[in-house]
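As a plain string of letters, each chain reads:
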Amino acid sequence: MQRITCGSAAADDILREAKEIAAFIFGDAKEANRKRIYQLAAKRQIPTFRLGQILCARKSTLIAHFAAQEARSMQNVDKPEAA
């Protein structure tokens, strides 16, 4: 089992608090974006978890989540509409 240290890739992958998640997703951490993160997390529309009371997310998990959403939307574009 690999031990995780502060400088490890696993620790660098974690975004702590809504402001870091908002900056990663939206490009800035203004209040409206932080509130949106809490709303998305409450509706389980983005993958998050809590460390105590701190909302967290993994960069790699968010990237995979958005890639899967994009792939699903592209599949829907390719399907012909039912008549």
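Analysis parameters
Residues numbered from 1 in each chain as written. Predicted model: local features only at pLDDT ≥ 70, side-chain atom pairs only at ≥ 80, totals over all residues. Heavy atoms only, no water. Helix = DSSP H or I, 4+ residues; strand = E, 2+ residues; numbered from the N terminus. Polar contact = N/O pair within 3.5 Å; in protein donor to acceptor, adjacent residues only side chain to side chain. Contact = heavy atoms within 4.5 Å. Pairing = 2+ DSSP bridges. Expected span 1.5 Å × (residues − 1). Buried < 20%, exposed > 50% of the residue type's maximum accessible area, 1.4 Å probe, protein only. Arc of directions from axis to C-beta.

Asks: Could you give me a rundown of the side chain of N33, with the residues and numbers involved?
Replies: Looking at the secondary structure, you find N33 in helix α3 (residues 31-42). Of note is the side chain of N33, whose polar atom sits 2.6 Å from the side chain of D28. Not counting the four nearest positions on each side in its chain, N33 is found in contact with A22, F26 and D28.

Asks: Break down unusual backbone geometry for me, citing the residues and quoting the values.
Replies: Unlike most non-glycine residues, E17 shows phi in positive territory, near 80°. Within the fold, E17 resides in helix α2 (residues 17-26).

Asks: Please provide a residue-by-residue account of the pairing of strand β3 (residues 54-58), values included.
Replies: Every other side chain in a regular strand lies on the same face of the sheet, so the side chains alternate between the two faces. Sheet analysis places strand β1 (residues 14-16) next to β3, joined by three bridges and oriented antiparallel. What sits directly across from I14, in β3, is R58. Bridge count between strand β2 (residues 49-51) and β3: three bridges; the pairing is antiparallel. Paired with R50 across the two strands is L55, which belongs to β3. Between β2 and β3, which pair antiparallel in sequence order, lie two residues; one of them, G52, sits at a positive phi of approximately 70°.

Asks: Summarise α3; cite the residues concerned and give the values.
Replies: Helix length check: α3, at twelve residues, gives a terminal C-alpha distance of 17 Å against a target of 16 Å (1.5 Å per residue), a fit within 8%. The complete set of buried residues in α3 reads N33, I37, L40 and A41. Across the axial projection of α3, the buried residues extend over an arc of 95°, all falling on one side. Opposite its buried face, α3 presents the exposed residues A32 and A42, each directed more than 90 degrees away. Buried residues belonging to α3 abut α2 and β3.

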